[in-house]
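Listed here are the chains, written in short residue letters.
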Amino acid sequence: MLATTTVALPDLPGPSSCGESGNFTLTFDDTVVGDDNSILLVANGMTNPYHHLFYANGYTYIPDMWEPYPAISQPNIAMFLPLTGRLLPNTPFAGMMLPGELGAGPRASVDAYWFNAYSAYFGCALSGLEPCTLRMSGYRYDPVLKEEVLVAEQNATIPACWGYIDCHLTQVFFNDQFRALSGIQFNAYTYLLGIPQVHMVDDLQMEWYNNTCSAGILRIGHS
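Cut-offs applied
- Residues numbered from 1 in each chain as written.
- Predicted model: local features only at pLDDT ≥ 70, side-chain atom pairs only at ≥ 80, totals over all residues.
- Heavy atoms only, no water.
- Core = buried A, V, L, I, M, F, W, Y, C linked by side-chain atoms within 4.5 Å.
- Buried < 20%, exposed > 50% of the residue type's maximum accessible area, 1.4 Å probe, protein only.
- Contact = heavy atoms within 4.5 Å.
- Helix = DSSP H or I, 4+ residues; strand = E, 2+ residues; numbered from the N terminus.
- Arc of directions from axis to C-beta.
- Disulfide = S-S within 2.5 Å.

- The chain has the name DUF7371 domain-containing protein in an unreviewed UniProt entry, where Alternaria tenuissima is given as its organism.

### Points about the nonpolar core
Phase 1: Ranked by internal contacts, the top residues of the largest apolar core, which has 40 residues, are Leu 26, Tyr 55, Leu 102, Phe 122, Phe 174, Ile 184 and Phe 186.
Phase 2: When sequence neighbours within four positions are dropped, the list of residues in contact with Leu 26 reads Tyr 50, His 51, Leu 53, Tyr 55, Asp 202, Asp 203, Leu 204 and Met 206.
Phase 3: Membership of the second largest hydrophobic core comes to 11 residues, among which are Ile 62, Ala 71, Ile 77 and Tyr 121.

### Quick notes on the side chain of His 199
Phase 1: Within the element layout of this structure, His 199 appears in strand E12 (residues 199–208).
Phase 2: Setting aside its immediate chain neighbours within four residues, His 199 contacts Tyr 59, Ala 78, Met 79, Phe 80, Phe 122, Gly 123, Cys 124, Phe 186, Asn 187 and Ala 188.

### Focus on helix H1 (residues 213–220)
Phase 1: Of all the residues in H1, the buried ones are Ala 215, Gly 216 and Arg 219. In an axial view of H1, the angular spread of the buried residues amounts to 100°, which keeps them on one side of the axis.
Phase 2: Looking at the buried positions of H1, the neighbouring elements they touch are E12.

### Comments concerning the state of the cysteines
Phase 1: On inspection of all chains with the given rule, the structure shows three disulfides.
Phase 2: What pairs with Cys 124 in a disulfide is Cys 132, and their sulfur atoms sit 1.7 Å apart. Residue Cys 124 shares its accessibility class with Cys 132, and that shared class is buried.
Phase 3: Each sulfur of the disulfide joining Cys 161 and Cys 167 lies 1.9 Å from the other. Looking along the S-S bond of the Cys 161-Cys 167 disulfide, the torsion reads about -95°, which is the left-handed sense. Summarising the burial analysis for this pair, Cys 161 and Cys 167 share the class buried.
Phase 4: With its disulfide-bonded cysteines labelled consecutively along the sequence, the chain is connected as 1-6, 2-3, 4-5.

This is the structure in C-alpha cells:
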C-alpha cells in the first residue's frame, strides 16, 4: 500500500456569493449520448472538461437502459472501462490522468479547481457471487514537487449482482481525508483476485475547496 503524504493547506472561507461555489453533484445527466430510439449504443469518452473537471481515458457515460444498474438520477450513468476504455476516442488531457482518475488535470496547481469529495454511488460489472473491491485514492497537487501526491486511501466492498437481476448501486461515503483534492481515483477489482473490473458511478457529491470570490468567478468564467 502506498504511503500518503501531508501537504500543508491554507485556511479558506466558506461558500461566497461570487460566481460558482459550494456543494455540487456530478450526475452526468446534462450530457448528450445519442438518439434515444437507437438500437445501437455508441460509447464515447467523457468530454473534457465536464463541470470544470477532467476524466481519464476509459470514462464514458451512457443511459442506464444499456447497463444493469438503474441510475440514481436519470437518465445517464458514468462507466469506467479499465481495459477496452483505451479504445474510446481521445478527449483533451485524458491521457495525463491516472487510470480511473477525475480531477483538475492540467489545472491541478490552481486550487480554485480543488474539491472536497463526500460520497458517490457505485456498481460493479460482476454477475456472479463474488463482490468487487473498490479502491479509492485522493491526490493533492504539491507545489514543491510540482506534481500530485497521494493523500487519501479507502477501500469499499461493492456487491455483485447475480445474473444482473434487480441490481442497485451502493452508496459509499468517503472518509475525512478526501478533502482539498486536485484529483480522485476509482478502480474496481475482483475480490481477492485483483482482476480489474468495469464499474459504474453516479451522483458524485462534492464541494469546491476554495470558495473565495475570486475562485468562484474563475470557475464560472471557464468550462
